[in-house]
Amino acid sequence: METYSFLRTLADSWALLALTLVFVGVVIFVFRPSGRRAQKDAAESIFRNETRPAEDKPKEDE
């Protein structure tokens, strides 16, 4: 039972600390000021080549 207690303590404390640090790192990476241009470009990419409405496709006779 000693191994189980050690692994549980390790998972409870160090794994929680590691996952918290990963989460904080991801949040800092996403909200960094230099990433604003890339995020805006990605958000507006679906509108990039939209100068006119899509053309209607002709219906095929069956």
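What counts and how
- Residues numbered from 1 in each chain as written.
- Predicted model: local features only at pLDDT ≥ 70, side-chain atom pairs only at ≥ 80, totals over all residues.
- Heavy atoms only, no water.
- Helix = DSSP H or I, 4+ residues; strand = E, 2+ residues; numbered from the N terminus.
- Buried < 20%, exposed > 50% of the residue type's maximum accessible area, 1.4 Å probe, protein only.
- Phe/Tyr/Trp six-rings, centres within 6.5 Å; stacked < 30°, edge-to-face > 60°.
- Lys NZ or Arg CZ within 6 Å of the ring centre and 35° of its normal.
- UniProt positions renumbered as here; feature names shortened; annotations may be inferred.
- Salt bridge = Lys/Arg side-chain N within 4 Å of Asp/Glu carboxyl O.

Named according to an unreviewed UniProt entry, the protein is CcoQ/FixQ family Cbb3-type cytochrome c oxidase assembly chaperone originating from Paracoccus gahaiensis.

J.: Help me out: how do you make sense of the overall build of the protein in this one?
T.: When its secondary structure is counted, the protein shows two helices and zero strands. For the protein, the residues scored as buried account for 2% of the 62 residues in total.

J.: Looking at this structure, I do not really get the packing of aromatic side chains. What am I missing?
T.: The geometry of an aromatic ring pair is captured by the separation of the ring centres together with the interplanar angle, meaning the angle of the planes. Applying the stated criterion across every chain, the model contains zero aromatic pairs. Above the ring of Phe 29, the side-chain terminus of Arg 32 is found at 4.2 Å from the ring centroid.

J.: Looking at this model, I keep getting lost on the UniProt feature "transmembrane region" (unreviewed entry) in the protein. Mind explaining?
T.: Under the UniProt annotation, "transmembrane region" (unreviewed entry) lies at residues 14-31. Annotation note: span residues 14-31, helix share 94%, strand share 0%, distance between end C-alpha atoms 26 Å.

J.: Got a minute to help me understand the pattern of salt bridges in this structure?
T.: Side-chain pairing between opposite charges can occur once the charged atoms of the two side chains come close. Counted according to the given criterion, the structure contains one salt bridge. A salt bridge links Asp 12 to Arg 8; the nearest nitrogen and oxygen atoms lie 3.5 Å apart. Remark: Arg 8 and Asp 12 occur in helix α1 (residues 2-30); sequence separation between them is four residues, near one turn of the helix. For Asp 12, a relative accessible area of 46% gives the class partly exposed. Assessed through its relative accessible area of 48%, Arg 8 is described here as partly exposed.

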